[in-house]
Amino acid sequence: MGLIVVSNREPYAPRKGEDGQLTWRPSIGGLTAALDPVLRRVGGTWIAWGEGQAEVEEVALPQGDPRYRLKRVQLSEAEVRDYYHGFSNRALWPMSHYFIERTKYLSAQWQTYVEVNRRFARTVLESREPGDPVWVHDYQLALVPRLIRESRSDARIGLFWHIPWPSSEVFRTLPWDRELLEGLLGADLIGMHTPEYVRHFLSACRRVLGAETEGDTVHWQGRAVRVVDRPIGIEVDEYGALASSPEIEEAADRIRRTLQTQLLLGVDRLDYTKGIPERLEAFGDFLDRHPEARGRVTLLQIAVPSREQVESYRQLRSRVEGLVGRINGRHTQGGWAPIQYVYRGMGREELVAHYRAADVMLVTPLRDGLNLVAKEFLACSRDGVLVLSRFAGAADELPEAVQVNPYNPTGLAEALNQALGMSLEEKKARLTRLQERLRGSDLRAWADGFVAELTGA
Ligand code: ADP
Ligand code: G6P
């Protein structure tokens, strides 16, 4: 069996060096972070948009230790604009995260989305041997299941939706609500992160399509489609082993020695769903109300640039930079500045050293499908505290985290105070329990489980 994975984002992006050689560097984001280890383990084909270096159509990855093949779908500049920056990230992304006021529903962009989804489906059909299961991922490719189904009625097709599925009241604002649902229902099995998302999806099928649902099954056009909540896990043991290796311990010590204060950490793609300005403001409030904390705590925010072609993301960047300047301007004294801001991605080891060094991890999205950063931190920490938004999908699974409502500035500031002052005993007790939970459903269980359900194995 050759598994075929289909996603918009490719797992590694090529960079041409001065010598003309290509280096393939890991892409940053939840989807590729989760799927690359899966494909490395089971092999198969990954089909994704080939951004840049158009001449490379197929490559064996990872570089130097190839385990699977990547087939790269080529898109024109106009297609990237309308399908990726446009319909995917200015319509579906904000709508699914409840930011209706940021949506732009443009029919020209929808048309391009349909065409690009067709191109992906065609590539799957060309690459697939009879019997190969196909696993499609995320909102950029919602129509692909149906488009494959139209030519291969017997194919096993799964789809995982990595972002929230909103209330049907919000979903119905999409002018192509029907078409999108029909596209997804080409799959045999649809996975989402939480029971809430599944419930909203089933209700959209009833209201928008008039479909019948029965338990976790949608009956549509003579077929039965199962919709299940299967939250993604991480490679818990690999993260834990790396975090406790002597090199990382040393790097974490260096970070702590350099700061000389307690460390609050934020790690995100620079995305308006992540609640970064709200987090910075809460930290500013906290310093106003707790003068004793000044000079004793530093917030390190590591933000990786994302989707910079989209206006909302550019505005967010200036807002964040303005806030960092304002809060630092207000509180910096005696060589201490309250916020350190890093505007770049970090490699795995550097990131893990920061997780290891952190006293408190701030994961405070306004809305998030799941949030892998929260899980990565837990797997790497020795006695840190996780402050977690109740609007992250992962909150369901992580009740021992300090859970917060990111829309409530006072509550958020108080949660910081609680986390910073927690006794070592309590921190360890919470962390142990959370780490046990992570181990109970790691990445391997998630991927193997989904593929087994899909193929009926
Ligand atoms: P999303 O899916 O919205 O990108 P997740 O938290 O689920 O959010 O996944 C983000 C992934 O990207 C994680 O694996 C995390 O390690 C990585 N990541 C996020 N921000 C950074 C950063 N600033 N530097 C390096 N890696 C990052
Ligand atoms: C989220 C989405 C993914 C996406 C990732 C990074 O995890 O669910 O589909 O790949 O963000 O965003 P980008 O637009 O850079 O692929």
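Residues numbered from 1 in each chain as written. Chains lettered and ligands numbered in written order. Predicted model: local features only at pLDDT ≥ 70, side-chain atom pairs only at ≥ 80, totals over all residues. Heavy atoms only, no water.

A. Structural context of the overall build of the protein chain. Along the protein chain, the regular secondary structure elements total 16 helices and 18 strands. Taken over C-alpha atoms, the radius of gyration comes to 22 Å for the protein chain, in line with the 23 Å a tight globule of 457 residues would show. Across the 457 residues that make up the protein chain, the buried fraction comes to 58%. When contacts within the protein chain are restricted to residue pairs at least 6 apart in sequence, those whose partners lie at least 24 apart make up 74%. Accessible surface, the protein chain as shown: approximately 18,700 Å² in total, 45% of it carbon and sulfur. Counting 59 positive and 63 negative side-chain charges, the protein chain places the centres of these two groups 2 Å from one another. (Helix = DSSP H or I, 4+ residues; strand = E, 2+ residues; numbered from the N terminus. Rg over C-alpha atoms; globule rule 2.2 N^0.38 Å. Buried < 20%, exposed > 50% of the residue type's maximum accessible area, 1.4 Å probe, protein only. Contact = heavy atoms within 4.5 Å. Areas by Shrake-Rupley, 256 points an atom, 1.4 Å probe, with all protein chains shown as cover. Lys, Arg positive; Asp, Glu negative; His and termini not counted. Charge placed at Lys NZ, Arg CZ, Asp CG, Glu CD.)

B. Quick look at helix α15 (residues 424-440). Here α15 is 17 residues long and its end C-alpha atoms lie 24 Å apart, about the 24 Å a rise of 1.5 Å per residue gives. Regarding α15, the residues found buried are Lys427, Leu431, Leu434, Gln435 and Leu438. Buried residues of α15 fall within an arc of 105° about the axis and therefore sit on the same side. The exposed set on the far side of α15, more than 90 degrees from its buried face, consists of Glu425 and Gly440. Turning to α15, the residues buried within the fold contact α8 (236-243), α13 (372-380) and β17 (385-389). (Expected span 1.5 Å × (residues − 1). Arc of directions from axis to C-beta.)

C. Spatial organisation of the site of ligand 2. Around ligand 2 lies a shell formed by Arg9, Gly30, Leu31, Tyr84, Trp93, Asp138, Tyr139, Gln140, His162, Ile163, Arg269 and Arg307. Between Arg9 and ligand 2, the recorded distance is 2.9 Å, taken from a side-chain N or O atom to an oxygen atom. Its free accessible area being 370 Å², ligand 2 has 92% of it covered by the protein chains. Broken down by class, the residue content of the shell around ligand 2 amounts to 5 nonpolar, 3 polar and 4 charged. (Near = heavy atom within 4 Å. Polar contact = N/O pair within 3.5 Å; in protein donor to acceptor, adjacent residues only side chain to side chain. Nonpolar A, V, L, I, M, F, W, Y, C, P; charged D, E, K, R; others polar.)

D. Looking closely at the UniProt feature "coiled-coil region" (unreviewed entry) in the protein chain. The sites that carry the UniProt feature "coiled-coil region" (unreviewed entry) are, in the present numbering, residues 417-444. With 82% helix and 0% strand, residues 417-444 has its two end C-alpha atoms placed 36 Å apart. (UniProt positions renumbered as here; feature names shortened; annotations may be inferred.)

E. Quick peek at the confidence of the model for the protein chain. Averaged over all residues, the pLDDT of the protein chain equals 97, while 100% of them reach at least 70. Of the two predicted TM-score estimates for the complex, the pTM is 0.98 and the ipTM is 0.99. (pLDDT = per-residue confidence, 0-100.)

F. Main features of the sheet that holds strand β14 (residues 297-304). The strand order across the open sheet built from 6 strands is β15-β14-β13-β16-β17-β18, with neighbouring strands paired in parallel fashion. Both outer strands of the open sheet, β15 (339-342) and β18 (402-404), are each paired with one neighbouring strand and no more. Taking each pair of neighbouring strands and ignoring which way they run, the sheet shows an average axis angle of 20°. With 8 bridges joining them, strand β13 (residues 262-269) and β14 adopt parallel strand pairing. In the sheet register, Asp268 faces β14, and the bridge partner there is Ala303. (Pairing = 2+ DSSP bridges. Axes fitted to C-alpha atoms, helices over the stretch in contact; angles between N-to-C directions.)

G. Looking closely at the site of ligand 1. Arg269, Lys274, Met346, Leu372 and Glu376 are the nearest of the 20 residues found near ligand 1. Taking Gly30, its main chain carries an N or O atom lying 3.1 Å from an oxygen atom of ligand 1. Considering ligand 1 on its own, with 560 Å² of exposed area, one finds that the protein chains cover 91% of that surface. For the shell around ligand 1, the elements supplying multiple residues, two or more each, are α1 (30-42), β13, β14, α12 (348-357) and α13. Along the lines of polarity and charge, the residues of the shell around ligand 1 split into 11 nonpolar, 4 polar and 5 charged.

H. Molecular detail of the pairing of strand β4 (residues 45-49). Most of β4 sits inside the fold, with 5 of its 5 residues counted as buried. Relative to β4, strand β1 (residues 4-6) runs parallel, the two sharing 3 bridges. Residue pairing in the sheet places Ile4 in a bridge with Thr45 of β4.

I. Layout of the nonpolar core. Within the largest apolar cluster, 98 residues are counted, with the highest numbers of intra-cluster contacts made by Phe120, Trp161, Trp165, Leu180, Ile190 and Phe201. Looking at which domains feed residues into this core, each of domain 1 (3-232 + 444-455) and domain 2 (236-440) supplies at least three. Apart from the residues within four sequence positions on either side, Trp165 is in contact with Phe171, Leu180, Leu181, Leu184, Met192, Tyr197, His200, Phe201 and Ala204. Counting 69 residues, the second largest nonpolar core, distinct from the first, contains Ala34, Leu70, Val236 and Ile302. (Core = buried A, V, L, I, M, F, W, Y, C linked by side-chain atoms within 4.5 Å. Domains from an automatic or database assignment.)

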